[in-house]
Amino acid sequence: MFELPLPPDLMTQIMAHLHMPEYLSLFRAHPDFKIYIEHSLALQYRFRSLAAGVIDNPHSAHSLPNRLGILKSLEKGWSQLSFDFQKDLRVAPQPAHTRIRLMNEGVFIMGKATGRVELSMIHCTDLPSTQADEMDWTTIWMDEELVVLDFGFSVVENDLMAVVIIQRSTDSWVMEVSLLQLSTGKPHPLAQSPVVFIQHSKHMDAMHVQIQVSGNNMAIITQPLDPEDYNGIFMVFDWKTSITSIVRIPFISSVFPSSLSFNASVPQKFDVFPKRIYTTLTFLTPTLLLLPNLHNASLDLYSIPSLPNPSLSASKLLSFNLPPLRENSTIVKYMCLGGPAPRLNTEPCSRPFHTSGYESLIVLSMHISPFIPSYDDVPTMVVHRYALARLCAPYIDPATDSAVGPPVLKWEEWGPGVTRWLYTDNYDENIRRTNTAGQRCAFRTQPVPGKALVREPQITIYDFNLLRAQVHRFDTPQPSAEDERVLKYICNTPTTMVDKGFRDPIVSSLPYVATTHVLDPELAKCRILMIDEERVVGLEFSHELALAAIKVFHVGASSHAQ
């Protein structure tokens, strides 16, 4: 063994402050350094936490051996898609248009509609981490004069639920955001104003809304369902102080593509034009906001001041161009998934660790006109949040949070090395579902076309943890040593997608490990499958497409003792 003139305890303390690149460099320099990890539970837990992309929760009462055991069980369970227990949550049948969301922070939220598309109440329950945990619904009733359009959450960081509500005034609708404490359902104690005004509109009852929270910042996008209605808004504000840092209206681009041909003498109705520029958003960091741009086929980055200051406003830093579209093609819809959101801190809770929001994925699917995607051929781009944040760093002036570089980066200047393009299954707009958790995402598609295991319902888990992908060397599908009904595929080389919506073949090279599993018979009954950091949740529907059951499968090695 290689020895240093330092006491073992001191070496352990030094190594406890290293990060993953430093660990790997150390092991490459001399493999015997691994013996310090083998003889220290603290170093084992830190090394495995870094490798898994999770952050320790110092508020948790779990002992160090228990934390390490839970982490090992989860990592092994995800590699095999094995479950250590399963619980069913029965629900009263709901209308098929009921909005449902699975948060990546251990809470399941269901918005119930009473005969209308709009929501009149919100049900919440903590999802179980052990067999002994119970799932009890908490119901938050809304005033009968209010209509709930959507809701956003920051569970671990802020114990916050932001409810987008509208109510009728004299001659129009008023949209506001009600800031509630999730654990109590009452106005959040840290919000100076528990209700924040957003906008007026004459047609607010036909409005699509998306709201996201990260740190102290809350971002909201509204878009009319009527393509001829111009009344949309993009707004960012500090939810604790209600200080607004950005407002953009309207959402309509008056520029028509030069490639669009039509007979000007004949009145025509266009479903796509004029089109909404921004329809979805996500946070890269608590002060960096990503908005996919429909008009320019780009990703627009906005910088939000790190401290509330009315004299500073959020500014557009730069745009990342997506691959060029084919002539006469246009992106008509984005679906942007990815969780958890980046955090500034965490509220005290019992979980031993949390998934890193900074290292989590952004999964961006798109529908390209005039091509109508089938169930499993939606072009989808996967990228890590930190990859885009790092690309932004050289173009941000830290003193002013303003742009200092070129306004646009071409696709070939940023995209091929940090993204991976896949075909994924279609997005059900009636169900708010979560297909991503940290660096994993799940789809009911095959990682390699034509390589189906058997003619049974299957799910593919994509793991974009770079460390796991880089330690494997084979790039052809291999049966799992533990289960021949599991197909594993490691891709750490560039691939090329040829899609009819894009002008050129798309080269991408973000490494990943994909495992395709034959579904458990109970999961196979579920029309919708969702994942969070430690669970697979299946939604079972009746023949009338109303929600009938919620099945919760906890991921873990079957031998793990809770």
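Refer to the structure printed above.
My aim in this report is to walk through the structure given alongside it, one point at a time.

Parameters and conventions
Here, residues in each chain are numbered from 1, in the same order as that chain's written sequence. Local features in this predicted model are restricted to residues whose pLDDT is 70 or higher, and side-chain atom pairs enter the listing and the counts only when it is 80 or higher, whereas totals over whole chains, interfaces and linings include all residues. Excluding hydrogens and water, the side-chain values take into account all heavy atoms of the structure. A pair of strands is considered paired only if DSSP assigns at least 2 bridges between the two. Secondary structure elements are defined from DSSP: runs of H or I of at least 4 residues count as helices, runs of E of at least 2 residues count as strands, and each element is numbered from the N terminus. Between N-to-C directions, angles cover 0 to 180 degrees, with each direction set by a line fitted to C-alpha atoms, over the stretch in contact for helices. Only one rule defines a salt bridge in this text: a Lys or Arg side-chain nitrogen within 4 Å of an Asp or Glu carboxyl oxygen. Relative accessibility decides the category of a residue: with a 1.4 Å probe and only protein chains considered, values under 20% of the type maximum give buried, values over 50% give exposed, and everything between is partly exposed. Expected helix span is given by 1.5 Å per residue-to-residue step, counting one fewer step than there are residues. Pairing of aromatic side chains requires ring centres within 6.5 Å, counting the rings of Phe and Tyr and the six-membered ring of Trp. Pairs whose planes differ by under 30 degrees are stacked, by over 60 edge-to-face, and all others tilted. Should the NZ of a Lys or the CZ of an Arg lie within 6 Å of a ring centre and within 35 degrees of the ring normal, that charge is described as sitting over the ring. Polar contact is defined as a pair of N or O atoms within 3.5 Å, subject to the rule that within protein one atom must be able to donate a hydrogen and the other to accept it, and that residues adjacent in sequence are counted only when both atoms are side-chain atoms. Two residues qualify as a contact provided that any one of their heavy atoms is within 4.5 Å of a heavy atom in the partner residue.

### Comments concerning the sheet that holds strand 19 (residues 330-337)
Thinking step 1. An order of 19-21-22-26 is seen for the four strands of this open sheet, with the pairing classed as antiparallel. Every other strand in the sheet has two partners, leaving strand 19 and strand 26 (419-424) as the edge strands with one partner each. Neighbouring strand axes in the sheet, compared pairwise and without regard to direction, differ in orientation by 25° on average.
Thinking step 2. Sheet topology places strand 21 (residues 361-369) next to strand 22 (residues 378-384); five bridges connect them, and they run antiparallel. Considered in strand 22, the bridge of leucine 364 is made with methionine 381.

### Some details on the sheet that holds strand 12 (residues 217-224)
Thinking step 1. Across the sheet, which stays open at both edges, the four strands sit in the order 11-12-13-14 with antiparallel pairing between neighbours. If you trace the sheet from one side to the other, it starts and ends with strand 11 (207-214) and strand 14 (244-248), each paired once. Sheet twist, expressed as the mean angle between neighbouring strand axes with direction ignored, is 10°.
Thinking step 2. Where strand 13 (residues 233-238) meets strand 14, four bridges bridge the pair, whose relative direction is antiparallel.

### Section: the pattern of salt bridges
Thinking step 1. With the rule as written, the count across this model stands at eleven salt bridges.
Thinking step 2. For aspartate 463, the salt bridge identified is with arginine 440, shortest N-O distance 3.7 Å. Of this pair, aspartate 463 sits in strand 29 (residues 458-463) while arginine 440 is found in strand 28 (residues 440-443), placing the two residues 23 residues apart along the sequence.
Thinking step 3. The salt bridge involving arginine 535 is made with aspartate 532; its shortest N-O contact spans 2.6 Å.
Thinking step 4. Judged by its relative accessible area of 0%, aspartate 532 falls in the buried class.
Thinking step 5. Connected through salt bridges with shared partners, the residues Asp88, Glu522, Lys525, Glu540 and Lys551 form a single ionic network.

### A look at helix 5 (residues 64-80)
Thinking step 1. With 17 residues, helix 5 should cover 24 Å at 1.5 Å per step; its first-to-last C-alpha distance of 25 Å lies within 8% of that length.
Thinking step 2. Buried residues of helix 5: Arg67, Leu68, Ile70, Leu71, Ser73, Leu74, Glu75, Gly77 and Trp78, and no others.
Thinking step 3. Leucine 81 sits one or two residues past helix 5 and shows a positive phi near 50°.

### Thoughts on the packing of aromatic side chains
Thinking step 1. If you walk through the whole model with that rule in mind, you get 16 aromatic pairs.
Thinking step 2. Ring centres of tyrosine 278 and tyrosine 302 lie 6.2 Å apart, and the angle between their planes is 85°; this geometry places the pair in the edge-to-face category. Residue tyrosine 278 is found in the loop between strand 14 and strand 15 (282-285), and its partner tyrosine 302 is found in strand 17 (residues 298-303); the two are separated by 24 residues along the sequence.
Thinking step 3. Each ring, one from tyrosine 462 and one from phenylalanine 464, has its centre 6.5 Å from the other, and the planes form 20°; the classification is stacked.
Thinking step 4. The buried category is assigned to phenylalanine 464, whose relative accessible area is 0%.
Thinking step 5. Here the basic side chain of arginine 527 rests over the ring of phenylalanine 541, its NZ or CZ set 5.2 Å away from the ring centre.

### A short note on the side chain of serine 60
Thinking step 1. Inspection of the secondary structure puts serine 60 in the loop between strand 1 (54-56) and helix 5.
Thinking step 2. You can call serine 60 buried: its relative accessible area is 8%.
Thinking step 3. Only 3.2 Å separates the side chain of serine 60 from the backbone nitrogen of histidine 62, close enough to count as a polar contact.
Thinking step 4. Contacts of serine 60, omitting those with residues within four sequence positions, involve Arg67, Cys349, Ser350, Arg351 and Pro352.

### Observations concerning the side chain of histidine 188
Thinking step 1. Looking at where histidine 188 falls in the secondary structure, it is placed in the loop between strand 9 (173-181) and strand 10 (195-201).
Thinking step 2. For histidine 188, a relative accessible area of 5% translates into the label buried.

Shape descriptors only; they carry no functional weight alone.
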